[in-house]
Amino acid sequence: MPKELMDEYQPLLIKDIKDTKHIKFPNRSLLLAVCAACIGGTFQNGYNISVINAPTAYVQDFVNQTWKERYQTDISEEALTLLWSAIVSIFTIGGFIGATIGGTLSVKLGRKGTLLANNVTALTAALLMGLSYPTGLFELLIIGRLFTGLNAGIGICVQPLYLGEIAPTALRGAMGMGTSIFITLGILTGQVAGLKEILGKEEHWPLLLSTTCIPAFLQLLILPWFPESPRYLLIDRGDDEGCKKALKELHGPDCDREWEDIEKERNNLMGFQAKKPWELLGDRSVRWQLLTILLLNCAQQLNGINAIYFYASYLFKQTGIPADKIPYVTVGTGACECITALTCGMLIEHLGRKVLITGGYTLMSICCILFTLTLTFQDASPVIPYLSMVCVFAFILSFGLGPGGVTNILTTELFTQNSRPAAYMIAGSVNWLSLFLIGLVFPFIVLGLQQYCFLVFLVICCLMVTYISLVIPETKNKTFLEIQNEFNNTMTRRTDGAGTTVLAASI
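Reading the values: rules and limits
Residues numbered from 1 in each chain as written. Predicted model: local features only at pLDDT ≥ 70, side-chain atom pairs only at ≥ 80, totals over all residues. Heavy atoms only, no water. Helix = DSSP H or I, 4+ residues; strand = E, 2+ residues; numbered from the N terminus. Rg over C-alpha atoms; globule rule 2.2 N^0.38 Å. Buried < 20%, exposed > 50% of the residue type's maximum accessible area, 1.4 Å probe, protein only. Contact = heavy atoms within 4.5 Å. Areas by Shrake-Rupley, 256 points an atom, 1.4 Å probe, with all protein chains shown as cover. Lys, Arg positive; Asp, Glu negative; His and termini not counted. Charge placed at Lys NZ, Arg CZ, Asp CG, Glu CD. 1 Å grid on protein atoms, 1.4 Å probe; cavity = no way out; pocket = protein on both sides within 12 Å on 5 of 7 lines; lining within 4 Å. Points joined across faces, edges and corners; volume = space filled by probe spheres on them. Nonpolar A, V, L, I, M, F, W, Y, C, P; charged D, E, K, R; others polar. pLDDT = per-residue confidence, 0-100. Expected span 1.5 Å × (residues − 1). Axes fitted to C-alpha atoms, helices over the stretch in contact; angles between N-to-C directions. Parallel < 35°, antiparallel > 145°, perpendicular 65-115°, else oblique. Arc of directions from axis to C-beta. Left-handed = near helix turned anticlockwise from the far one by under 90°. Core = buried A, V, L, I, M, F, W, Y, C linked by side-chain atoms within 4.5 Å. Salt bridge = Lys/Arg side-chain N within 4 Å of Asp/Glu carboxyl O. Phe/Tyr/Trp six-rings, centres within 6.5 Å; stacked < 30°, edge-to-face > 60°.

S.K.: What am I meant to see in the overall build of the chain here?
M.R.: Helix and strand counts for the chain stand at 24 helices and 0 strands. Rg of the C-alpha trace for the chain: 24 Å, near the compact-globule value of 23 Å for 507 residues, within the 12% margin. Dimensions of the chain, computed from C-alpha atoms along their principal axes, come out at roughly 95 × 55 × 40 Å. With 507 residues in all, the chain has 53% of them scored as buried. Look at the contacts in the chain between residues 6 or more apart in sequence, and 83% of them connect residues 24 or more apart. Only carbon and sulfur atoms are counted for the fraction: they give 68% of the accessible area of the chain, which is about 22800 Å². For the chain, the separation between the mean place of its 36 positive charges and that of its 39 negative charges on side chains is 3 Å.

Shown next, in the form of structure tokens:
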């Protein structure tokens, strides 16, 4: 390049080098803020999903005993099954309700304020479930589980918002993985707490269900020491000084770049208010982003992960593991998923979101094929049940590596500040409805297709690989505005390209 041109472009070259986003280790305050948000957020979700499994027989005995004391007769098997199903499944209904109000609360109370207020639902649930046995009211279990679901729905909606907005751009993926890491840690903790050596004995089940108050108390003690989301303070509240103070506390003194990014986004959104879900649904400028999060959240529940857990206990019995030892093996599956989430957190800023989620769905597709084959030829050899167990762990690893961790991060990254709460309300509602649907329909799928049910999940995983490869851009190390512009430009080029092809063909 001639010297004149070098001199002319030198400022641009220097700027490009300076603007390169390096991955650095997060500030200690940022890490602690992530932990404080997650312990009362998605940790609660995971804990309440798994903790209900251990005392199943004891709770059913309690319901039967209470019914007999009231009506002087044993409860029918159908009525007992119905009541137990209500205790378990009302968690999903509470989650759906929580998801529909979480975004609105995050705008009114702030991200941090909503997380703190959400602990009221966890404490109420713990009190109700703890009092169910001494009062002889199994109805309190149903109401308590509704409150735990409400807590989970609000938490899964607001916590990723907070994590995505307090993290610097270069660490947004790694910090956002806190959602997945803590939900798997919650599942593992619930499995461990339910072991007989800890709180898994019959006399301890009310105490076991009441332990949901512990993460709530921890968050109420720790989270107030950390700042509100800087983006929320500047863009939603117009608090410049509060935003700068929060950035310095979370990122350290070198936070000028993040301030510039937030200020640029505020200027871009000047005059716009936070959108309601129905306004977002009617906004054609984000229709592809909206379609993307709808598909991702549907697929997160309908990709076969719930079916794998359904078959896990059966496979453990087939391999000769004694029934009283199966809970310990189940803890192994929880540990496997937790370790995978941690691994994904370490890889996401190096490999990117698109590689991980595409790779995860691809590996899950392969596992679906192998699992179908091993279940079909289960009796052909004593070795086959062990191969099926390998498929179980491989599927869980694949899920944790991609769809389990990256889906929530993409929901944060594909929208700007005024659209993000509404996007989480829509995504969360779809996620909980999909979970309810799979719980309702899956037994009939298994009954009709038996081991071939995994071919249905194979189709879903393959379709997601195709969609992600064609539509979703890589979001690593990009600001929210850069991601929005790239997404819109990519879809515009493809639409224009398709229109040009059709026109050329017609001529």
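S.K.: Hey, could you run me through the environment of Leu150 in this one?
M.R.: The topology assignment puts Leu150 in helix H7 (residues 139-166). Residues Leu150 and Phe454, 304 residues apart in the sequence, show an inter-C-alpha distance of 31 Å.

S.K.: Please explain the side chain of Asn45 as it appears in this structure.
M.R.: As for its position among the elements, Asn45 is in helix H3 (residues 42-50). Here Asn45 is in contact with Phe91, Ala152, Ile156, Ile183 and Trp432, once residues within four sequence places are set aside.

S.K.: So what exactly am I meant to see when it comes to empty space enclosed by the protein here?
M.R.: Gaps between atoms show up when a probe of the same size as a water molecule is rolled over them. Within this structure, the stated rule accounts for 3 cavities of 30 Å³ or more. If you add up the space inside the largest cavity, you get close to 50 Å³. If you go around the largest cavity, the residues you meet are Pro160, Gly164, Arg172, Gly176, Thr179, Asn408, Ile409, Thr412, Glu413 and Tyr424. Going through the elements one at a time, H7, helix H8 (172-176) and helix H21 (403-413) are the ones with two or more residues in the lining of the largest cavity. In terms of residue count, H21 provides more of the lining of the largest cavity than any other element does, 4 residues in total. When its residues are assigned to classes, the lining of the largest cavity shows 3 nonpolar, 5 polar and 2 charged.

S.K.: Would you mind showing me how to read the confidence of the model for the chain here?
M.R.: Chain-level statistics for the chain give a pLDDT mean of 84 and a share of 91% at 70 or above. Averaged pLDDT values over the elements of the chain bottom out at 40 in helix H1 (residues 3-19) and peak at 96 in helix H11 (residues 213-222). This model gives residues 1-21 a pLDDT under 50, and the stretch forms 9 contacts once residues within four places in sequence are excluded. Across residues 498-507 the pLDDT falls below 50, and counting only partners more than four positions away or on other chains, this stretch makes 0 contacts in the model.

S.K.: Explain helix H6 (residues 111-135) to me, please; I cannot follow it from the model alone.
M.R.: In an α-helix, one turn spans 3.6 residues, which is why side chains three or four residues apart end up on the same side. Given a rise of 1.5 Å per residue, 25 residues ought to cover 36 Å, and the 37 Å separating the end C-alpha atoms of H6 matches this to within 8%. Trailing H6 by a residue or two, Gly136 shows a phi angle of about 70°, which is positive.

S.K.: Please clarify how the packing of helix H18 (residues 326-351) against helix H19 (residues 353-376) should be interpreted in this entry.
M.R.: Any two packed helices are characterised by the angle at which their axes cross and by the distance between the axes. As a packed pair, H18 and H19 sit with axes 7 Å apart at the nearest point and diverge in direction by 125°. In terms of their interaxial angle, H18 and H19 are classed as oblique. Side by side, H18 and H19 meet where Cys344, Leu347, Ile348, Glu349 and Leu351 of the first sit next to Arg353, Val355 and Leu356 of the second. Residue classes in the contact of H18 with H19 are distributed as 6 nonpolar, no polar and 2 charged.

S.K.: How should I be thinking about H11 in this particular structure?
M.R.: Of the residues making up H11, those classed as buried are Cys213, Pro215, Ala216 and Gln219. Seen along its axis, H11 keeps its buried residues to an arc of 165°; they face one direction. Against helix H2 (28-39), H3, H6 and helix H10 (205-210) lie the buried residues of H11.

S.K.: Would you mind going over the packing of helix H4 (residues 56-71) against helix H5 (residues 77-108) with me for this structure?
M.R.: The N-to-C vectors of H4 and H5 enclose an angle of 125°; their axes lie 11 Å apart at closest approach. Our classification of the angle between H4 and H5 gives oblique. For the element pair H4 and H5, the recorded crossing hand is right-handed. Residues Thr56, Val59, Gln60, Val63 and Trp67 of H4 touch H5, and the partners they reach there are Leu80, Leu83, Trp84 and Ile87. Classifying every residue of the contact of H4 with H5 by side-chain character gives 7 nonpolar, 2 polar and no charged.

S.K.: Would you take a moment to explain the nonpolar core for this structure?
M.R.: Side chains of nonpolar character tend, in soluble globular proteins, to be buried together. With 107 residues, the main nonpolar core has Tyr162, Tyr361, Phe371 and Phe454 as its most contacted residues. When neighbours within four sequence positions are excluded, Tyr162 is seen to be in contact with Ala33, Ala37, Arg111, Lys112, Leu115, Leu223, Phe226, Pro227, Glu228 and Ser229. With 10 residues, the next largest nonpolar core counts Ile235, Cys243, Ala246 and Cys255 among its residues.

S.K.: Where do I start with unusual backbone geometry in this structure?
M.R.: The phi torsion of most residues other than glycine is negative, and most of the peptide bonds are trans. The phi dihedral of Gln72 falls on the positive side, at around 55°, and the residue is not glycine. Summarising the element assignment, Gln72 is placed in the loop between H4 and H5. A residue is classified by how much of its surface remains accessible, and Gln72, at 63% relative accessible area, is exposed. Located in the positive-phi region is Asn477, a residue other than glycine, with phi close to 60°. The residue Asn477 is located in the loop between helix H23 (453-471) and helix H24 (480-506) in this model. Among the residues examined, Asn477 registers a relative accessible area of 19% and is labelled buried.

S.K.: Just to check I follow, could you spell out the pattern of salt bridges for this structure?
M.R.: A side chain with one charge may pair with a side chain of the opposite charge, provided their charged atoms come close. Under the counting rule described, the total for this entry stands at 12 salt bridges. As a salt-bridge pair, Asp74 and Lys68 come within 3.8 Å of each other at their nearest N and O atoms. One salt bridge connects Arg353 with Glu349, and the closest N-O pair in it is separated by 3.2 Å. Among the charged side chains, a network of salt bridges with common partners joins Arg111, Glu165, Arg231, Glu265 and Arg420.

S.K.: When you look at the packing of aromatic side chains in this model, what are you seeing that I'm missing?
M.R.: In this description, a pair of aromatic rings is defined by centroid distance and the angle of the planes. With the rule as written, the count across this model stands at 8 aromatic pairs. Ring geometry for Phe43 against Tyr47: centres 6.2 Å apart, planes inclined by 15°, an arrangement best described as stacked. Remark: Tyr47 and Phe43 occur in helix H3; sequence separation between them is 4 residues, near one turn of the helix. Judged by centre distance (5.9 Å) and plane angle (85°), the ring pair of Tyr133 and Trp205 falls under edge-to-face. Here Trp205 lies in helix H10 and Tyr133 lies in helix H6, a separation of 72 residues in the sequence. By relative accessible area, Tyr133 is classed as partly exposed at 44%.

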